Amino acid sequence: MSASQAGPGRTWRPPGPQGLRRFTTRRPPEEQCELCGAPLGGERHRHLVDTEKRALACVCGPCSQLLDRSGGPTGRFRAVPGRYLSDPGHRLDDNAWELLRIPVGVAFFFRNSALERLVALYPSPAGATESELEPSSWQAVLERTHLAALLEPDVEALLLRRHEGRTECYLVPIDICYELVGRMRLRWQGFDGGAEARADLDAFFAHVRGTARDVQGSRP
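In this report, the structure presented in the accompanying data block is examined. One numbering rule holds for all chains: residues counted from 1, following each sequence as written. Predicted model: local features are reported for residues with pLDDT of at least 70 only, side-chain atom pairs are reported and counted for 80 or more only, and whole-chain, interface and lining totals are derived from all residues. Hydrogens and water molecules were not included; the side-chain quantities draw on all heavy atoms of the structure.

Side note on the packing of aromatic side chains
Our working rule: Pairing of aromatic rings covers Phe, Tyr and Trp, the last counted by its six-membered ring, and requires centre-to-centre distances within 6.5 Å; plane angles under 30 degrees mean stacked, over 60 mean edge-to-face, and any other angle means tilted. Secondary structure elements are defined from DSSP: runs of H or I of at least 4 residues count as helices, runs of E of at least 2 residues count as strands, and each element is numbered from the N terminus. Accessible area is worked out with a 1.4 Å probe on protein chains only. A residue is then buried under 20% of its type maximum, exposed over 50%, and partly exposed in between.
In total, this model carries 3 aromatic pairs according to the counting rule given. For the pair Phe108 and Tyr178, a centre-to-centre distance of 5.7 Å together with 85° between the ring planes defines the contact as edge-to-face. Of the two residues, Phe108 sits in strand E6 (residues 106–112) while Tyr178 sits in helix H5 (residues 174–187), which places them 70 residues apart along the sequence. For Tyr178, a relative accessible area of 7% translates into the label buried.

Right, here's the structure in full:
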């Protein structure tokens, strides 16, 4: 999980008043909907993606239903869905991973509708860092999994982990990717992340692995 200079990149800081702070600081005891101010009651709540500001917002149920434009052609907000999919038949191997030139063992990809392109990010001590490789390199990797074609723009990501000689591949909600970035940023120590960060990463992927269902029609 080393954050060496093995690959080009720049730190990605989502704009807006919250950004990654929601995942790197303790939540206030009375967390509120960021749109209407209604109390969220400390329970799990939905997130909306602001496609113009490229930011996440914690929202209550009524605001989520009112502003979500999922499946529609207009509007700036989209609700983050809750599906987790795995692709056991993917063809992501060492050669595919080397194409990415990402210096850590974790990366996620999503389609950004505001930028009209694919964005590839990886966690680092500084936060979410964007890979600046040519899109053709990313596409060559994405073509090796059936999940890439299922991604919903802005709200879902393709999450990859290279670990112990194999690559895990999942389609996940975009907010958990930023949660992972925040968790790594909080726990990162030294050059390679340290034992606490590695243990937290293992626990995070154990949850993803246990939640995800195999996608039908995976490539052999």
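Observations concerning the environment of Leu115
The topology assignment puts Leu115 in the loop between E6 and strand E7 (117–124). Linking Leu115 and Arg54, residues 61 residues apart in sequence, is a C-alpha distance of 9.6 Å.

Quick word on helix H6 (residues 194–211)
We count it as follows: The length a helix should cover is 1.5 Å for every residue beyond the first. The directions from the helix axis to the C-beta atoms form the arc being described. Any two residues having at least one pair of non-hydrogen atoms within 4.5 Å are treated as being in contact.
Under the 1.5 Å per step criterion, the end-to-end length of H6 is 26 Å for 18 residues, consistent within 8% with the ideal 26 Å. Along H6, the positions that sit buried rather than exposed are Gly194, Ala197, Asp200, Leu201, Phe204, Phe205 and Val208. For H6, the arc enclosing every buried residue in end-on projection is 130°, short of the 170-degree limit, so these residues lie on one face. Turned more than 90 degrees from where H6 packs its buried face, Ala195 and Gly210 sit exposed. Among the structural elements, E6, strand E9 (156–163), strand E10 (166–173) and H5 are those in contact with the buried residues of H6.

Focus on the pattern of salt bridges
Where we set the bar: Any Lys or Arg side-chain nitrogen found within 4 Å of a carboxyl oxygen on Asp or Glu counts as a salt bridge.
Tallied over the full model, the rule gives 9 salt bridges. For Arg144, the salt bridge identified is with Asp93, shortest N-O distance 3.4 Å. Of this pair, Arg144 sits in the loop between helix H4 (135–142) and E9 while Asp93 sits in the loop between strand E5 (85–86) and helix H3 (94–100), and the two are 51 residues apart along the sequence. The partner of Arg162 in a salt bridge is Asp94, with the nearest N and O atoms 1.8 Å apart. Pair noted here: Arg162 is in strand E9 and Asp94 is in helix H3, with a separation of 68 residues, a long-range link. For Arg162, a relative accessible area of 18% puts it in the buried group.

Focus on the pairing of E9
This is how it is decided: Pairing between two strands requires that DSSP report at least two bridges joining them.
Counting buried residues in E9 gives 7 out of 8 residues, a clear majority hidden from the surface. As judged from the 4 bridges shared by E6 and E9, these two strands associate in the antiparallel manner. Note that in E9 the partner of Phe109 across the bridge is Leu158. Counting the residues between successive antiparallel strands, the hairpin from E9 to E10 contains 2 residues, one of them, Glu164, with a positive phi of roughly 50°.

Side note on the sheet that holds strand E2 (residues 46–50)
Put simply, the rule is: Between N-to-C directions, angles cover 0 to 180 degrees, with each direction set by a line fitted to C-alpha atoms, over the stretch in contact for helices.
Within the open sheet, the 3 strands sit side by side as E3-E2-E4. Their pairing is antiparallel. Looking at strand neighbours, the two that pair on one side only are strand E3 (55–59) and strand E4 (77–79), the edges of this open sheet. Across this sheet, the average inter-strand angle for adjacent strands is 35°, counted without regard to direction. Judged from the 3 bridges that link them, E2 and E4 form a sheet pairing that is antiparallel. When the bridges of E4 are listed, Asp50 appears paired with Phe77.

What about the state of the cysteines?
The term disulfide refers to a covalent linkage connecting the sulfur atoms of a pair of cysteines. Counted only if it meets this: Count a disulfide wherever a pair of cysteine sulfur atoms falls within 2.5 Å.
In total, this model carries 0 disulfides according to the counting rule given. Considering cysteine sulfurs only, Cys36 is the nearest to Cys33, which forms no disulfide, with 3.8 Å between them.

With respect to the side chain of Thr167
The condition is simple: Nitrogen and oxygen atoms within 3.5 Å of one another constitute a polar contact, given that in protein one can donate a hydrogen and the other can accept it, and given that sequence-neighbouring residues count only through two side-chain atoms.
Within the element layout of this structure, Thr167 appears in strand E10. Residue class for Thr167 comes out buried when judged on its relative accessible area of 5%. Within polar-contact distance, the side chain of Thr167 engages the side chain of Arg162 at 3.0 Å. Non-local contacts of Thr167, meaning those with residues more than four positions away in its chain, are made with His90, Leu92, Arg161 and Arg162.

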